[in-house]
Amino acid sequence: MAEITAAMVKELRDKTDAPMMECKKALAEAGGDMAKAEEILRVKLGAKAGKAAARVTAEGIVAISIDAAGKLGAIVEVNCETDFVAKNDDFIAFARNVAQLVAGRKPADVAALAALPLGDGTVESARTALIGKIGENMSIRRFARIEAKGRIASYVHGGSKIGVLVDVTGGDAELGKDLAMHIAASKPKSLDASGVARELIDTERRIAIEKAREAGKPEAMLEKIAEGSVQKFLKDVTLLGQVFVKAADGKQTIEQLLKAKGATVNGFVLYVVGEGIEKKQTDFAAEVAAQAAAARG
């Protein structure tokens, strides 16, 4: 049987907000498999076990560049170690310059972007020079570029911690902005069900079946119950299925809004700074003590 360490329990608790003993039990049941243990907690505790999963832990900003015609746009996430540096003017200028290069030069990947000319050198040399000036590591994590079928709308929120580009055909500028703000607030995983990863759907189905089984539902009804749960999940995580955040009646979906406006969303990109990155937790007192010990030695 796999050893369940305190560090493993803490990691699962940080991901799920579940009670410590429940985390330990789930890890034991899962044989130390973190993903399986998280799934077990969701079966037992429901939505509560997923509420901390999207916590943003790394620092940095999202920068956006859109041409005057609204037909070409780019979005880039640039990370750093602290929020203090994320507010630094030089860091912000670097991120914006990188976004402009992505839009104008169409690099294939981050490596190709790093080799593009910037200032007196390249993006990479500008990055390393900025590291030397500020004294903190930073990196270009990811970027996306959109050549719009319609017109690009954008939204940046929370000190540039969340950024959205959305390609909209039809409607007006207000609709585009509303859609971008909705995406930032509701964080859909895809435009419609076809874009949701099969493994996510399979996980929701398994969880629904296990919850129904534990609730004593007849075996013959489990698949039907699971299908209903999957459909609800898809409405919650797809843009077209979500209820519009500004809906006056609290019921109008994005799909219904678009139909009423005679508009279509061709695609979108949503970046949340640090999403999926685990930030190193620093014990400041221990660090100071270690430095003092090293100085004495």
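Heads up: the structure comes first, above all this text.
Conventions we followed
- Residue positions within a chain follow its written sequence, with the count starting from 1.
- Where local features are concerned, this predicted model is filtered to residues with pLDDT of at least 70; where side-chain atom pairs are given and counted, the filter is 80 or more; whole-chain, interface and lining totals use all residues.
- Side-chain figures throughout are based on the complete set of non-hydrogen atoms in the structure, without hydrogens or water.
- Each helix corresponds to a stretch of at least 4 residues labelled H or I by DSSP, and each strand to a stretch of at least 2 residues labelled E; elements are numbered beginning at the N terminus.
- Only protein chains enter the accessibility calculation, which uses a 1.4 Å probe; a residue is then buried when its area is under 20% of its type maximum, exposed when over 50%, and partly exposed in between.
- We get accessible surface area from the Shrake-Rupley algorithm with a probe of 1.4 Å; when it comes to residues, only the shown protein chains can shield them.
- At least two DSSP bridges between two strands are needed for those strands to be called paired.
- To get an axis, fit a line to the C-alpha atoms, keeping to the stretch in contact for a helix; angles then go from 0 to 180 degrees between the N-to-C directions.
- Contacts between residues were defined by any pair of non-hydrogen atoms, one from each residue, lying within 4.5 Å.
- Throughout this description, the term nonpolar core refers to a set of buried Ala, Val, Leu, Ile, Met, Phe, Trp, Tyr and Cys residues connected via side-chain atoms within 4.5 Å.
- Here a polar contact is taken to be a pair of N or O atoms separated by no more than 3.5 Å, where protein atoms must pair a possible hydrogen donor with a possible acceptor and residues adjacent in sequence count only if both atoms sit in side chains.
- Only four residue types enter the charge count, namely Lys and Arg as positive and Asp and Glu as negative; His and the chain termini do not.
- What makes a salt bridge here is a side-chain nitrogen of Lys or Arg within 4 Å of a carboxyl oxygen of Asp or Glu, nothing more.
- By construction, the arc corresponds to the directions joining the helix axis to the C-beta atoms.

**Q** So what exactly am I meant to see when it comes to the overall build of the protein chain here?
**A** A tally of helices and strands in the protein chain yields twelve helices and eight strands. Per-residue burial over the protein chain gives 40% buried out of 297 residues. By element, 53% of the accessible surface of the protein chain is carried by carbon and sulfur atoms, the whole surface being about 16,400 Å².

**Q** Whenever I open this one, the sheet that holds strand S6 (residues 151–157) confuses me. Can you help?
**A** Sheet strands pair via backbone hydrogen bonds, and the direction of the pair is either parallel or antiparallel. Pairing is antiparallel in the open sheet, where three strands are placed in the order S6-S7-S8. If you trace the sheet from one side to the other, it starts and ends with S6 and strand S8 (264–272), each paired once. Strand after strand, the sheet turns through a mean of 15 degrees between neighbouring axes, direction not considered. Contacting S6, strand S7 (162–169) and S8, helix H8 (residues 173–186) crosses the sheet at an angle of about 140 degrees to S7.

**Q** Just checking my understanding: could you explain the sheet that holds strand S2 (residues 72–80) for this structure?
**A** The antiparallel open sheet is built from three strands, whose spatial order is S1-S2-S5. Unpaired on one side and paired on the other, strand S1 (59–66) and strand S5 (138–147) mark the two borders of the sheet. On average, each strand axis in the sheet is tilted by 15 degrees relative to the strand beside it, whichever way the strands run. Inspection of the sheet shows S1 paired to S2 by eight bridges, in the antiparallel sense. In the strand pairing of S2, Ile66 is matched with Gly73. Sitting on the sheet, helix H5 (residues 89–105) is in contact with S1, S2 and S5, with an inclination near 145 degrees to S2.

**Q** How do you make sense of the nonpolar core when you look at a structure like this?
**A** The nonpolar side chains of a soluble globular protein tend to be buried, and buried together. Ranked by internal contacts, the top residues of the largest apolar core, which has 25 residues, are Val76, Phe94, Val98, Leu113, Val123 and Ile140. When contributions to this core are tallied by element, the ones reaching two or more residues are S1, S2, helix H4 (83–86), H5, helix H7 (123–134) and S5. Per-element tally for this core: the top contributor is H5, with nine residues. Setting aside its immediate chain neighbours within four residues, Phe94 contacts Val78, Leu118, Val123, Ala126, Arg127, Leu130 and Ile140.

**Q** In this structure, what is going on with unusual backbone geometry? I would like to understand it.
**A** With glycine set apart, most residues show a phi of negative sign, and most peptide bonds adopt trans. The residue Lys106 is not glycine, and still its phi comes out positive at about 55 degrees. Among the structural elements, Lys106 can be located in the loop between H5 and helix H6 (110–114). A positive phi angle is found at Ser160, which is not glycine, with a value near 65 degrees. With respect to the helices and strands, the residue Ser160 is situated in the loop between S6 and S7. In this structure Ser160 comes out as partly exposed when scored by relative accessible area, which is 23%.

**Q** It is not clear to me how the environment of Tyr271 should be interpreted in this structure. Could you clarify?
**A** Within the secondary structure layout, Tyr271 lies in strand S8. The exposure class assigned to Tyr271 is buried, which follows from its relative accessible area of 7%. A C-alpha to C-alpha distance of 6.5 Å links Tyr271 and Val164, two positions 107 residues apart in sequence. Setting aside its immediate chain neighbours within four residues, Tyr271 contacts Val62, Ile75, Val76, Glu77, Arg142, Phe143, Ala144, Lys161, Ile162 and Gly163. A polar atom in the side chain of Tyr271 sits 3.4 Å from the backbone nitrogen of Ala144.

**Q** Mind showing me how you'd approach the side chain of Asp167 here?
**A** Along the chain, the position of Asp167 falls in strand S7. Buried within the structure, Asp167 lacks any salt-bridge partner; Lys71 is the closest side chain of opposite charge, at an N-O distance of 6.5 Å. Within the local environment of Asp167, its side chain forms a polar contact with the backbone nitrogen of Gly150, the two atoms lying 2.9 Å apart. Apart from the residues lying within four places of it in its own chain, the contact partners of Asp167 are Ile146, Ala148, Lys149, Gly150, Arg151, Thr264, Val265, Asn266 and Gly267.

**Q** What am I meant to see in helix H11 (residues 254–261) here?
**A** For an α-helix the count is 3.6 residues per turn, leaving residues at separations of three or four pointing the same way. Within the sequence span of H11, burial applies to Ile254, Leu257 and Leu258. When H11 is viewed along its axis, its buried side chains cluster within an angular range of 95 degrees and face the same direction. Turned more than 90 degrees away from the buried face of H11, the exposed residues are Glu255, Lys259 and Ala260. Positive backbone phi, approximately 65 degrees, marks Gly262, located one or two places after H11.

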